[in-house]
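The primary structure of each chain is shown beneath.
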Amino acid sequence: MRDVPAETTARTTNDWFGRFAATSSGWLGSKWAFAGAVLIIVIWATTGPIFHFSDTWQLVINTGTTIVTFLMVFLIQNTQNRDARAINLKLNELIRAIDKARDQMIDIENLSDLELDELQARYEKIKAACASRPNRRVGEKELDVND
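Predicted model, so just to flag it, every value in this text is computed and none were measured. (Residues numbered from 1 in each chain as written. Predicted model: local features only at pLDDT ≥ 70, side-chain atom pairs only at ≥ 80, totals over all residues. Heavy atoms only, no water.)

A. Broad picture of the packing of helix 2 (residues 16–28) against helix 4 (residues 55–97). Relative orientation of the contacting elements helix 2 and helix 4 amounts to 105°, with a least axis distance of 9 Å. In terms of their interaxial angle, helix 2 and helix 4 are classed as roughly perpendicular. Every residue of helix 4 that contacts helix 2 at Phe17, Gly18, Phe20, Ala21, Ala22, Ser24, Ser25 and Leu28 is listed here: Met72, Leu75, Asn78, Thr79 and Arg82. (Axes fitted to C-alpha atoms, helices over the stretch in contact; angles between N-to-C directions. Helix = DSSP H or I, 4+ residues; strand = E, 2+ residues; numbered from the N terminus. Parallel < 35°, antiparallel > 145°, perpendicular 65-115°, else oblique. Contact = heavy atoms within 4.5 Å.)

B. Geometry of the pattern of salt bridges. Inspection of every chain in the model, using the stated rule, returns one salt bridge. Close ionic contact of glutamate 93 with arginine 96 constitutes a salt bridge, the shortest N to O distance being 2.6 Å. Of the two residues, glutamate 93 and arginine 96 both sit in helix 4, three residues apart, roughly one turn of that helix. You can call arginine 96 exposed: its relative accessible area is 54%. (Salt bridge = Lys/Arg side-chain N within 4 Å of Asp/Glu carboxyl O. Buried < 20%, exposed > 50% of the residue type's maximum accessible area, 1.4 Å probe, protein only.)

C. Focus on the packing of aromatic side chains. Evaluated as defined, the whole model comprises five aromatic pairs. An angle of 40° between the planes, with centres 6.4 Å apart, marks the rings of phenylalanine 17 and phenylalanine 20 as tilted. Linking phenylalanine 17 with phenylalanine 20, this pair stays in helix 2, spanning three residues, or about one helical turn. You can call phenylalanine 20 partly exposed: its relative accessible area is 44%. Ring geometry for phenylalanine 53 against tryptophan 57: centres 5.2 Å apart, planes inclined by 90°, an arrangement best described as edge-to-face. On the accessibility criterion, phenylalanine 53 (45% relative accessible area) is partly exposed. By relative accessible area, tryptophan 57 is classed as buried at 10%. (Phe/Tyr/Trp six-rings, centres within 6.5 Å; stacked < 30°, edge-to-face > 60°.)

D. Representation of a nonpolar patch on the surface in the model. Among the surface-exposed residues, Ile67, Phe70, Leu71, Val73 and Phe74 lie close enough to one another that they form a single nonpolar patch of about 520 Å² accessible area. Turning to its location among the elements, phenylalanine 74 is positioned in helix 4. Classification of phenylalanine 74 as partly exposed rests on a relative accessible area of 45%. (Patch = residues over 30% accessible without salt bridge, like charges linked within 9 Å, V, L, I, M, F, W, Y side chains within 5 Å. Areas by Shrake-Rupley, 256 points an atom, 1.4 Å probe, with all protein chains shown as cover.)

E. The arrangement of unusual backbone geometry in detail. Here phenylalanine 53, not a glycine, exhibits a phi torsion of approximately 50°, which is positive. Among the secondary structure elements, phenylalanine 53 is positioned in the loop between helix 3 (31–46) and helix 4. Phi angles above zero are rare outside glycine, and aspartate 107 is one such case at about 65°. In this fold, aspartate 107 is placed in the loop between helix 4 and helix 5 (113–132).

F. Fine view of helix 2. Helix length check: helix 2, at 13 residues, gives a terminal C-alpha distance of 18 Å against a target of 18 Å (1.5 Å per residue), a fit within 8%. Every buried residue belonging to helix 2 is among Gly18, Ala21, Ala22, Ser24 and Gly26, and all of these are buried. (Expected span 1.5 Å × (residues − 1).)

G. Focus on the packing of helix 3 against helix 4. Between helix 3 and helix 4, the least distance of the axes is 11 Å, while the angle of their chain directions is 170°. Taken together, the axes of helix 3 and helix 4 lie roughly antiparallel to each other. Residues Ile41, Trp44 and Ala45 of helix 3 lie in contact with helix 4, whose contacting residues are Trp57, Gln58 and Ile61. Residues belonging to the contact of helix 3 with helix 4 are distributed by class as follows: five nonpolar, one polar and no charged. (Nonpolar A, V, L, I, M, F, W, Y, C, P; charged D, E, K, R; others polar.)

Have a look at this one:
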């Protein structure tokens, strides 16, 4: 039976690049891709004496790794973007489903950096207020964000 990474079968998308990125990142993030990369390095290193450790011999591995790294950046970024989007949607659903949760927290990833800084400062204030109370843990009592 083939050892297929779960990421290649679990992720589906409608656009061709999304499918390609999901499948590629699944395979390239597998133990087999790592083993293949190690094998390439071992083969390259063992051919060093044959090519007298020449500049061309070094250029082969430098060029190869640069190209692979350049292309992998785009695949990794695509995968990260999809994962972040899915996590944000899941969190939005949890916020919507919990009665005491603040609906204003839905889609805060679309706020400006200044707005996020202000929101963080408010939560830091709540955290400090809870920490200053004896035997009180954050989350024990509903505190107003506008305090």
